[in-house]
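# Close look at the chain arrangement
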Amino acid sequence: MITSDRALKVAEFLLQIKAIQLSPEHPFTWASGLKSPIYCDNRKTLSYPEVRRYIREAFVATIRESYGEPQVIAGVATGGIAIGALVAEEMNLPFIYVRSEPKKHGLGNQVEGVLLPGQRVVVIEDLISTGSSSLNAVSALREQQADIVGMVAIFTYGFKKAVNNFSEANCPLQTLSNYNALLEQAVKSNYVTSAQQQALINWAESPEAWSEQFLTTHS
């Protein structure tokens, strides 16, 4: 599989600004409790104008290549709101965003902004893990009779569970970069050693087993 120049460039930026950090020897603990050699915080891209500009333009190009011209851009709270608004501005389109759950006061909205029934919507996300929270936003939009054209995210770990979840939800997904591109760029740029590369490959093949092995080894 040939990795696109765009995917490698985004991966390079994410590594440079430490939006993605790699630490196989001292793994991070995810909210799920799993140990992971990678931590991703794509909100950092907003603090770097050059990176922010490239990602905005890459989103616009990917949307047009994959989905044509949508009528509305929707950001997933919270990571997809800022970049989604930038993309909507670049495309001169209306912007809305989707909360993780309906508000418990006021109008009780989950979808914020103006969305008309049947409008073609592209959803913007910053990171795809299992896809559950992202697809929750898709469900909320569909309840408002949106026509979901697809989703675009900055980065995906490429988990099989996410692939299956998006397939079952009948929601096309495109990402600017991915785990394979990240590893390729990390090796090319000497961010990781060959031993670290192997650990990162092992984690991607079975995150749960990798985590359990590490916990057992270091208990």
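Before reading on, note that the structure itself is shown above.
First, a word on what this report is: a plain description of the structure on this page.

What counts, and at which threshold
- Residues numbered from 1 in each chain as written.
- Predicted model: local features only at pLDDT ≥ 70, side-chain atom pairs only at ≥ 80, totals over all residues.
- Heavy atoms only, no water.
- Buried < 20%, exposed > 50% of the residue type's maximum accessible area, 1.4 Å probe, protein only.
- Helix = DSSP H or I, 4+ residues; strand = E, 2+ residues; numbered from the N terminus.
- Contact = heavy atoms within 4.5 Å.
- Core = buried A, V, L, I, M, F, W, Y, C linked by side-chain atoms within 4.5 Å.
- Pairing = 2+ DSSP bridges.
- Axes fitted to C-alpha atoms, helices over the stretch in contact; angles between N-to-C directions.
- Polar contact = N/O pair within 3.5 Å; in protein donor to acceptor, adjacent residues only side chain to side chain.
- Parallel < 35°, antiparallel > 145°, perpendicular 65-115°, else oblique.
- Left-handed = near helix turned anticlockwise from the far one by under 90°.
- Nonpolar A, V, L, I, M, F, W, Y, C, P; charged D, E, K, R; others polar.
- Phe/Tyr/Trp six-rings, centres within 6.5 Å; stacked < 30°, edge-to-face > 60°.

## Some words on helix α6 (residues 179-188)
Taken together, the buried positions of α6 are Y179, A181, L182, L183, Q185 and A186. Considering only its buried residues, α6 is in contact with α1 (5-16), β1 (20-22), β4 (38-40), β9 (147-156), β10 (173-178) and α7 (194-205). N190 lies just past α6 and shows a positive phi near 60 degrees.

## Some details on the nonpolar core
Considering soluble globular proteins, one finds that nonpolar side chains tend to be buried as a cluster. In this structure, L141 and F155 are the most contacted members of the largest nonpolar core, which totals 64 residues. If we skip the residues at most four places from it in the chain, L141 touches A74, I96, V98, V111, L115, V121, V123, A146 and I148.

## Here we look at the sheet that holds β10
Across the sheet, which stays open at both edges, the 6 strands sit in the order β7-β6-β5-β8-β9-β10 with mixed pairing between neighbours. Only two strands of the sheet have a single partner each, and these edge strands are β7 (111-112) and β10. In this sheet, β7 lies alongside strand β6 (residues 95-98) in antiparallel orientation, the contact comprising 2 bridges. When the sheet's bridge partners are listed, Y97 is paired in β7 with E112. Its contacts with the sheet put α1 on β9 and β10, and the angle it makes with β10 is roughly 55 degrees. Packed on one face of the sheet, α6 meets β9 and β10 and runs near 15 degrees to β10.

## Description of unusual backbone geometry
Between A77 and T78 the backbone carries a cis peptide bond, its omega angle lying at -5 degrees. Here T78 is to be found in the loop between β5 (72-76) and α3 (79-91). Here the phi dihedral of Q145 falls at roughly 65 degrees; this positive angle occurs in a residue that is not glycine. As for its placement among the helices and strands, Q145 is situated in the loop between α4 (132-143) and β9. With relative accessibility at 54%, the residue Q145 sits in the exposed group.

## A closer look at the side chain of T45
Here T45 shows up in the loop between β4 and α2 (49-67). Overall, the relative accessible area of 3% leaves T45 in the buried class. Of note is the side chain of T45, whose polar atom sits 2.6 Å from the backbone oxygen of N42. T45 has contacts with L14, I17, V51, R52, I55 and I154, leaving out every residue within four places of it along the chain.

## Structural notes on the packing of α1 against α2
Packing of α1 against α2 leaves a shortest axis separation of 11 Å and a crossing angle of 150 degrees. Our classification of the angle between α1 and α2 gives roughly antiparallel. α2 is crossed by α1, and the crossing has left-handed handedness. Residues R6, K9, V10 and F13 of α1 form the contact with α2, whose own contacting residues are E50, V51, Y54, A58, A61, T62 and E65. Grouping the constituent residues of the contact of α1 with α2 by class yields 6 nonpolar, 1 polar and 4 charged.

## Remarks on the packing of aromatic side chains
One pass over the structure, following the stated rule, counts 10 aromatic pairs. Between Y157 and F159 the ring centres are 5.4 Å apart and the planes differ by 25 degrees, which places this aromatic pair in the stacked class. You can call F159 buried: its relative accessible area is 12%. Between Y157 and W203 the ring centres are 5.9 Å apart and the planes differ by 80 degrees, which places this aromatic pair in the edge-to-face class. Here W203 lies in helix α7 and Y157 lies in the loop between β9 and α5 (160-168), a separation of 46 residues in the sequence. When sorted by exposure, Y157 lands in the same class as W203, which is buried. An aromatic cluster is defined as three or more aromatic residues linked by ring pairs; in this entry it consists of W30, F155, Y157, F159, Y179 and W203.

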